[in-house]
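Below are the chains, spelled out letter by letter.
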Amino acid sequence: MTRYLYIEQPFRLESGHTLSRLTAAYHTFGTLNAARDNVIWICHALTANSDCQDWWPGLVGPGCTIDPERYFIVCVNMLGSSYGSTSPLSHNPVTGRTYGLDFPLVTTKDNARFFSLVADHLGIRGIRLLMGGSMGGQHCLEWACAEPGRFDLLCVLATNARHSAWGVAFNESQRMALRADATFGTDAPDAGKAGLEAARAVAMLSYRHYRTYVGTQSESDDSTYDDLRASSYQRYQGYKLWKRFDPVCYYGLSRGMDTHNVGRGRGGIAGGLGSITAPTLIISIDTDILFPIEEQGLLSRYIPNSRLEVMHSDFGHDGFLTESVKIGEFLADFLNDQLRIDATTKRAFTDGLTGRKFAVPGSEEV
């Protein structure tokens with residue numbers, strides 16, 4: 001069940017704009033211990049919500065590597081999203097209406113500060129493991145750079161230190177599709193529907209891979225020449241997002257992703273990543289065209305005490321969602337190693353997170 005935290009204090013954004021108050025929508029699973037430090041914090045990706053047990057089955061849940069029977073799992077909906085935290089759908093005290101396109105730019109640094117504020121309000125001291133993929137991984141890196149002492153361990157998947165020109169170009173192409181829809185940002189019924197559906201179709205080309213489409217969307221015989229499966233699939237993916245996500249929120253979040261750069265204000269990327277003190281697992285996907293392997297290689301090069309694992313998947317970037325069993329295996333091995341390393345210290349960072357018990361994973365509909 002989604003829970004809500006209302007923070008009645010102004011929040012100044014990196015752009016200089018201020019949100020007068022904040023709402024944080026979040027999910028928790030498990031029980032917080034007496035020391036308030038048995039926390040696994042998961043940062044979700046672009047259009048996900050805070051129910052990480054729903055969209056990461058087989059990795060998060062009873063009997064899985066991230067087990068709520070042992071740990072207190074927290075996932076907070078990012079600012080600007082459709083799923084309950086302060087966003088373009090929120091009340092604008094200046095106009096008396098929802099923000100809409102007047103909602104200010106929220107950077108990945110802003111979201112990291114937002115998560116930190118929420119953690120403080122929830123009384124969370126130490127975080128045993130911080131984990132996220134894609135845009136969620138970007139938030140993790142920003143937060144780990146800003147507050148290295150808060151985290152024992154870090155795991156990031158299919159992400160980068162700075163959003164690339166390639167990624168920005170994909171995002172701008174989607175925003176062009178949104179702006180080409182004359183209803184976008186208006187009060188018209190189904191405002192922005194066509195634009196969002198087209199934007200999502202563009203995005204799918206970056207999330208998947210040649211082999212994904214050839215393997216699942218090719219025609220079964222040689223007689224078909226119109227309304228091909230791949231065409232239908234693109235329309236279906238656009239419609240599916242329209243049914244669950246707001247076009248203006250999507251527009252703003254893509255702009256926020258473009259701002260990501262851990263080197264900003266830290267003397268460059270090497271300086272930013274070099275400030276991370278938590279032992280770090282970096283998972284790369286061999287078919288990811290949006291966040292290619294060289295970007296995770298850069299993370300591994302500059303994050304001290306880091307490990308890079310390359311995972312095979314035919315699902316491209318979306319492998320960070322669909323390959324939950326493989327991710328669980330990498331994570332379990334990493335945590336087992338950290339337990340051995342920390343065996344001589346007073347604290348076993350990974351107590352309860354070892355072993356290989358995996359639920360049958362779910363997967364995206366392909």
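Above: the structure in question.
Structure report, in brief.

Rules and cut-offs
Residues numbered from 1 in each chain as written. Predicted model: local features only at pLDDT ≥ 70, side-chain atom pairs only at ≥ 80, totals over all residues. Heavy atoms only, no water. Helix = DSSP H or I, 4+ residues; strand = E, 2+ residues; numbered from the N terminus. Buried < 20%, exposed > 50% of the residue type's maximum accessible area, 1.4 Å probe, protein only. Contact = heavy atoms within 4.5 Å. Core = buried A, V, L, I, M, F, W, Y, C linked by side-chain atoms within 4.5 Å. Arc of directions from axis to C-beta.

Quick look at the side chain of T280
Position of T280 relative to the elements: it lies in strand β9 (residues 280–285). The class for T280 is buried, based on a relative accessible area of 0%. Setting aside residues up to four positions removed in sequence, T280 forms contacts with L154, I303, N305, S306, R307 and F334.

A look at unusual backbone geometry
Phi at S134 is positive, roughly 60°, even though this residue is not glycine. Tracing the backbone shows S134 in the loop between β7 (127–133) and α3 (135–146). Even without glycine at this site, D190 takes up a positive phi of about 60°. Classification of D190 as partly exposed rests on a relative accessible area of 48%.

With respect to the nonpolar core
With 69 residues, the main nonpolar core has W41 and Y250 as its most contacted residues. Aside from chain neighbours lying at most four places away, what touches W41 is V74, V76, F115, V118, A119, I124, I127, L129, L130, M131 and W143.

Concerning helix α6 (residues 210–217)
Taken as a whole, α6 has its buried residues at T212, Y213 and Q217. All buried residues of α6 lie within an arc of 90° about the axis, which places them on one face of the element. In α6, the exposed residues that point more than 90 degrees away from the buried face are Y210 and G215. Buried residues in α6 make contact with α5 (193–207) and α7 (229–244).

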